[in-house]
Amino acid sequence: MRSTFPSTAVVDFLGSEIVPDYETAKVVILPIPYEATTSYRKGCENGPASLLEASHQLECYDEELDREVCFDAGIFTHTPIADTRNGKSVSAEEMLSVTQQTLKSLIEDQKFVISIGGEHSITAGVVQGYCQGYQEPFTVVQIDAHGDLRHEYEDTIHSHACVMRRIVNMGLPTVQVGIRAICQEEADLIKEKNLTVFRAREMAFNLDWIEQAIASIPTEKVFLTIDVDGIDPSLIPGVGTPEPGGLNWYSTLTFLRRLFESKDVIGCDVMELAPVVDSVVSEFTVAKLTYKLIGYQALSKGWIKQ
Ligand SMILES: N=C(N)NCCCCNCCCN
Ligand SMILES: [Mn+2]
Ligand SMILES: [Mn+2]
């Protein structure tokens, strides 16, 4: 029986029976159960454990890709870092530093890392790890309801509502998809810096948005950050700041498959899952989304076992 609250015990993605050694795994799932600045509904520090627990209900066989992707990829689940559960306090600086260092060393080991959060501010540390691990330029592609472009929010520049501003300030190109909630400051910044933003309202009536978004990415390498509130809250109600009018399931998958086949995706994160008591819809959907990312990467990198 599933307990009402996710336990803090670490469970492996998809279950321990299929877990490879670290050495043979191509994919590492990195849980980052950190929450400090969420502004509305709380609970994203429980996102990683609920996602991992829900992943045990996934079929290993991906019916779209016609294979048991987990055996092609080898998926190793890392121990959690920057864990704020049970009232533990972790400063933003500590979280960013441990996240960056952990990513850097996983990248050196040539792992494809999917970081799972936790609040979106973590992505600044993840991206810093990629800046250190990769010499070539890359674009940060963000799926999100929110622009996350404020300079600061509620007295901190490390708020989840500011993470893309941090990334823009790092000098990296960005492409934002699914955006439908921004403030005046963000609207001004988008115009001033001519940022590439695909707005959910326009995407709903423009079936060509997927090809336009791919074409707008200026580099071969991409880091993908998914704030799960970018997807419609009817599919993933377990988020802290829900916004109506989000991406639907098959448009999301079509976009992701095209992204992985046309670009070199160097890493991803899946952030802001905040499980709802007595419903497993959100965590199961996000676990499935995570497994689809692994499948599309396996396809694009040719990790196919016969
Ligand atoms: N990235 C996010 N989740 N951002 C949330 C921003 C919340 C804005 N509240 C505005 C209230 C103003 N009265
Ligand atoms: Mn968001
Ligand atoms: Mn966000």
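Located above this text is the structure these notes cover.
Residues numbered from 1 in each chain as written. Chains lettered and ligands numbered in written order. Predicted model: local features only at pLDDT ≥ 70, side-chain atom pairs only at ≥ 80, totals over all residues. Heavy atoms only, no water.

Enquirer: Can you walk me through the packing of helix α9 (residues 249-262) against helix α10 (residues 281-301) in this structure?
Expert: Describing two packed helices takes the angle between their axes plus the distance from one axis to the other. At a minimum axis distance of 9 Å, the contact between α9 and α10 shows a crossing angle of 30°. Between α9 and α10, the interaxial angle falls into the category roughly parallel. By crossing handedness, the relation of α9 to α10 is classed as right-handed. For the pair α9 and α10, contact is made by W249, T252, L253, L256, R257, F260 and E261 and by T285, K288, L289, K292, L293, Y296, Q297, L299 and S300, respectively. (Axes fitted to C-alpha atoms, helices over the stretch in contact; angles between N-to-C directions. Helix = DSSP H or I, 4+ residues; strand = E, 2+ residues; numbered from the N terminus. Parallel < 35°, antiparallel > 145°, perpendicular 65-115°, else oblique. Left-handed = near helix turned anticlockwise from the far one by under 90°. Contact = heavy atoms within 4.5 Å.)

Enquirer: Sorry if this is basic, but what is going on with the site of ligand 1 here?
Expert: S39, H146, D148, R150, Y153, H160, A161 and T241 make up every residue found near ligand 1. Interatomic distance of 2.5 Å between a side-chain N/O atom of D148 and a nitrogen atom of ligand 1. Measuring from a nitrogen atom of ligand 1, one finds a side-chain N or O atom of T241 at 2.9 Å. A total of 400 Å² of accessible area belongs to ligand 1 in isolation, and the protein chains cover 56% of it. (Near = heavy atom within 4 Å. Polar contact = N/O pair within 3.5 Å; in protein donor to acceptor, adjacent residues only side chain to side chain. Areas by Shrake-Rupley, 256 points an atom, 1.4 Å probe, with all protein chains shown as cover.)

Enquirer: Teacher, can you tell me more about the side chain of D72 here?
Expert: Relative to the elements of secondary structure, D72 occurs in helix α2 (residues 69-73). In this structure D72 comes out as buried when scored by relative accessible area, which is 4%. Setting aside chain neighbours within four positions, we find D72 in contact with K26, R67, W303, I304 and K305. (Buried < 20%, exposed > 50% of the residue type's maximum accessible area, 1.4 Å probe, protein only.)

Enquirer: Help me understand the sheet that holds strand β7 (residues 174-179) in this model?
Expert: The strands making up a sheet associate through hydrogen bonds between their backbones, and the pairing can be parallel or antiparallel. What the eight strands build is an open sheet, ordered β4-β1-β5-β10-β9-β6-β7-β8; its pairing is parallel. With one partner strand each, in any of the chains shown, β4 (75-77) and β8 (196-199) form the two edges of the open sheet. When the angles between neighbouring strand axes are averaged without regard to direction, this sheet yields 15°. Note that strand β1 (residues 27-32) and β4 share three bridges and pair parallel. Bridge pairing in β4 links V27 to I75. Across the sheet, helix α3 (residues 92-108) is in contact with β1 and β5 (112-117); its angle to β1 comes to roughly 175°. (Pairing = 2+ DSSP bridges.)

Enquirer: Just checking my understanding: could you explain the packing of aromatic side chains for this structure?
Expert: The geometry of an aromatic ring pair is captured by the separation of the ring centres together with the interplanar angle, meaning the angle of the planes. By the definition in use, this model includes seven aromatic pairs. Taken together, a centroid distance of 5.0 Å and an interplanar angle of 45° make the contact between Y130 and F223 tilted. Residue Y130 is located in helix α4 (residues 122-133), and its partner F223 is located in strand β9 (residues 221-227); the two are separated by 93 residues in the primary sequence. The buried category is assigned to Y130, whose relative accessible area is 1%. Since its relative accessible area comes to 0%, F223 is described here as buried. Aromatic pair F260 and Y296: ring centres 6.5 Å apart, planes at 45°, arrangement tilted. Remark: Y296 occurs in helix α10 and F260 occurs in helix α9; sequence separation between them is 36 residues. Here the aromatic cluster, defined as three or more aromatic residues joined through ring pairs, consists of F112, F260 and Y296. (Phe/Tyr/Trp six-rings, centres within 6.5 Å; stacked < 30°, edge-to-face > 60°.)

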